[in-house]
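The residues making up each chain are set out below.
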Amino acid sequence: MTLSTLCPPSFGPLTRLAGLAALLIALPLQGQAADEVNVYSSRQEDLIKPLLDRFTEQTGIKVNLVTGKDDALLQRLQSEGINSPADLLMTADAGRLYRAKTAGSTQGVSSEALTMAIPSTYRDPEGHWFGLTLRARPILYVKGKIDPASLSTYEALADPAFKGKICIRSSDNIYNQSMVASMIAADGAEAAETWAKGLVANLARPPKGGDRDQIKAAAAGECDIAVANTYYLAGMLASEDAADRSAAGVIGVFWPNQEGRGAHVNVSGAAVTAGAKNKETAIRLIEFLASPESQQWYAEANGEYPVREGVQVSPALAAWGTFKADPLNLEQLGELNADAVRLMDRAGWR
Ligand SMILES: [Fe+2]
């Protein structure tokens, strides 16, 4: 658009300038009202903001970010209902994304770009949520104390040979609930419960702390084996804290069930909210986060794996080698969550 199309030629230069100034002021305001997206995110701001800023630069769509704890955001969204100001929920674990769906907090959307970019196992079949980063939960061991050749499967961790050697966090954590759900899917509920009892009998100490604490306990000699998500180990290896780095340095990564179904994986992802007022821009943001360029940065910043195939992993993760991931559709983790929770309780997994 040129100046002459904005102002009739009969207008004087001052009027023209005033007209142009008014237009320049009016345009961004108009753009802001229409082109924005409101995000509730449990991802730390510094692990997502640079990407959101790049999205705004490329599209002109303003992103309003509210961060909070996973379960608190889910509750907030549910209590706000369709009046929620949020258009997009970003949270971790397929079990949690499934909870948001069953609570009626999300809506199904379709996007060819997302269907193409994200393998079907890592998104809701009805488009209620899309996995954006992949997190793996392998077996970690203390190098020099455990011969990795003695490790094989999650199931084998219930073997009495590992009595008093294992650290794992409590059963009220969704990561373990999802892992047990994957075992129910693979082995059946009865076998999964027998396994959980065997695992509890092999624990070096009553479950306490988060994944990072299990790694630290192993490094400190409290146990020889831990089960934890790899991004915690990656985070400790890159930590500014020398104690974290040296603890992580003695830990090896073992990929279990490689002869069978593969290692347990989960996702962090995004869901368009049930009452989204900016549905189209919300979908555009998910598509942006699933693009090859974003995938690499996003996974790397979080120490996770890209969900999209063919995207390079960070050098720290590449050092642990490639692995076969359990191809279970992650929707199952949500569907089997209640069974997993009850089973873990019966097995005495506190
Ligand atoms: Fe985590």
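Quick look at the structure, then. (Residues numbered from 1 in each chain as written. Predicted model: local features only at pLDDT ≥ 70, side-chain atom pairs only at ≥ 80, totals over all residues. Heavy atoms only, no water.)

## Some thoughts on the overall build of the protein
Under the convention used in this document: The secondary structure listing takes helices from DSSP runs of H or I that are at least 4 residues long and strands from runs of E that are at least 2 residues long, numbered from the N terminus. Each residue is placed in one exposure class: buried if its accessible area under a 1.4 Å probe, protein chains only, is under 20% of its type's maximum, exposed if it is over 50%, and partly exposed if it falls in between. Residues are treated as being in contact if the distance between any of their heavy atoms lies within 4.5 Å. Here the open area of atoms and residues is found with the Shrake-Rupley method and a 1.4 Å probe, where only the protein chains shown may cover a residue. For this count, His and the chain ends are skipped, Lys and Arg are scored as positive, and Asp and Glu as negative. Where a charge lies is defined by one atom per residue type: Lys uses NZ, Arg uses CZ, Asp uses CG and Glu uses CD.
What the protein contains, in helices and strands, is 16 helices and ten strands. Taken along its principal axes, the extent of the C-alpha atoms in the protein is 95 × 40 × 30 Å. Split into buried and exposed, the 350 residues of the protein put 51% on the buried side. Of the contacts made within the protein by residues no fewer than 6 positions apart, 78% connect residues no fewer than 24 positions apart. About 15,400 Å² of surface is accessible on the protein, with carbon and sulfur atoms providing 53% of the total. For the protein, the distance from the average site of its 33 positive side-chain charges to the average site of its 40 negative ones is 3 Å.

## A closer look at unusual backbone geometry
The phi torsion at Asp93 lies on the positive side, around 85 degrees, for a residue other than glycine. On the secondary structure map, Asp93 appears in the loop between strand 3 (88–92) and helix 5 (94–102). Here the phi dihedral of Asn257 falls at roughly 55 degrees; this positive angle occurs in a residue that is not glycine.

## Focus on the coordination of the iron ion
Stated formally: Donor atoms: N, O and S within 2.8 Å of the metal, or within 3.2 Å for Na, K and Ca. Because water is excluded, sites can look incomplete.
Looking at the iron ion, the protein donor atoms are Tyr175 (OH), Tyr231 (OH) and Tyr232 (OH), and they sit 2.0 to 2.1 Å from it. The sequence motif formed by the donor residues of the iron ion is Y-x55-Y-Y. A relative accessible area of 17% places Tyr232 in the buried class.

## Considerations on the state of the cysteines
We count it as follows: Any pair of cysteine sulfurs within 2.5 Å is marked as a disulfide.
One pass over the structure, following the stated rule, counts one disulfide. Paired by a disulfide, Cys167 and Cys223 hold their sulfur atoms 2.1 Å apart. Taking the sign of the S-S torsion, about -110 degrees here, the bridge from Cys167 to Cys223 comes out left-handed. Of the two residues, Cys167 is situated in strand 6 (residues 166–167) and Cys223 in the loop between helix 9 (211–219) and strand 7 (225–227); the sequence distance between them amounts to 56 residues. Considered together, Cys167 and Cys223 belong to a single accessibility category, that of buried residues.

## Some remarks on the pattern of salt bridges
This is how the line gets drawn: Any Lys or Arg side-chain nitrogen located within 4 Å of an Asp or Glu carboxyl oxygen qualifies as a salt bridge.
Tallying each qualifying case throughout the model produces 23 salt bridges. The partner of Asp244 in a salt bridge is Lys216, and the shortest N-O contact between them spans 3.8 Å. Here Lys216 lies in helix 9 and Asp244 lies in helix 11 (residues 242–249), a separation of 28 residues in the sequence. A single salt-bridge network, built from bridges that share partners, covers Lys101, Asp124, Glu126 and Glu331.

## Some words on the sheet that holds strand 8 (residues 251–254)
Here is the rule we go by: Pairing between strands is defined by DSSP: at least two bridges between the two strands are required. Axis lines are fitted to C-alpha atoms, over the contacting stretch for helices. Their N-to-C directions set the angle, which ranges from 0 to 180 degrees.
Spatially, four strands are ordered 6-7-5-8 in an open sheet, and the strand pairing comes out mixed. Both outer strands of the open sheet, strand 6 and strand 8, are each paired with one neighbouring strand and no more. Of the pairings in the sheet, the one linking strand 6 to strand 7 comprises two bridges and is parallel in character. By the bridge assignment, Ile166 is partnered in strand 7 with Ile225. Seen against the sheet, helix 9 touches strand 5 (139–142), strand 6, strand 7 and strand 8 and runs at an angle of roughly 120 degrees to strand 8.

## Describing the packing of aromatic side chains
Two descriptors summarise a pair of aromatic rings, namely the distance from one centre to the other and the angle between the planes of the rings. Filter applied, for reference: Put simply, two rings from Phe, Tyr or Trp (the six-membered ring, in Trp's case) pair if the centres are within 6.5 Å, and we call them stacked under 30 degrees between planes, edge-to-face over 60, tilted for the rest.
What the rule picks out here adds up to five aromatic pairs. Relative to Tyr232, the ring of Tyr231 lies with its centre 4.4 Å away and its plane at 40 degrees, an arrangement referred to as tilted.

## Structural notes on helix 9
We count it as follows: The directions considered for the arc are those from the helix axis to the C-beta atoms.
Taken together, the buried positions of helix 9 are Asp211, Gln214, Ile215, Ala217 and Ala218. Buried residues of helix 9, viewed axially, fall in a sector of 160 degrees; they line one side. Where helix 9 is buried, its residues meet strand 5, strand 6, helix 7 (174–187), strand 7, helix 10 (230–237) and strand 8. Just downstream of helix 9, Gly221 is the residue with a positive phi angle, here 95 degrees.

## Considering empty space enclosed by the protein
Stated formally: Definitions used throughout: a 1 Å grid over protein atoms alone; a cavity as a set of points that fits a 1.4 Å probe which cannot get out; a pocket as an open set with protein on both sides within 12 Å along at least five of seven lines; a lining residue as one with an atom within 4 Å of a point. Grid points are joined across faces, edges and corners, and a volume is the space filled by probe spheres set on the points. Under this grouping Gly is polar, as are all residues other than the nonpolar Ala, Val, Leu, Ile, Met, Phe, Trp, Tyr, Cys and Pro and the charged Asp, Glu, Lys and Arg.
Per the stated rule, a full pass over the model turns up one cavity of 30 Å³ or more. Considering only enclosed or pocket space, the largest cavity measures out at about 40 Å³ in volume. Looking at the largest cavity, the residues that line it are Asp93, Arg135, Ala136, Arg137, Tyr175, Asn229, His264 and Asn266. Taken together, the residues of the lining of the largest cavity break down into two nonpolar, three polar and three charged.

## Regarding the nonpolar core
Condition: What we call a nonpolar core is a set of buried Ala, Val, Leu, Ile, Met, Phe, Trp, Tyr and Cys residues that are connected through their side-chain atoms within 4.5 Å. Segmentation of the chain into domains, including their bounds, is taken from an automatic or database domain assignment.
Counting 93 residues, the largest nonpolar core has Leu88, Met90, Ile118, Leu132, Val267, Leu285 and Trp349 as the members making the most contacts within it. Among the elements that line this core, the one with the most residues is helix 7, at seven residues. Two domains each provide a minimum of three residues to this core, namely domain 1 (3–135 + 267–311) and domain 2 (136–264 + 322–347). Counting seven residues, the second-largest nonpolar core is a separate cluster that includes Leu73, Leu74, Ala86 and Ala100.

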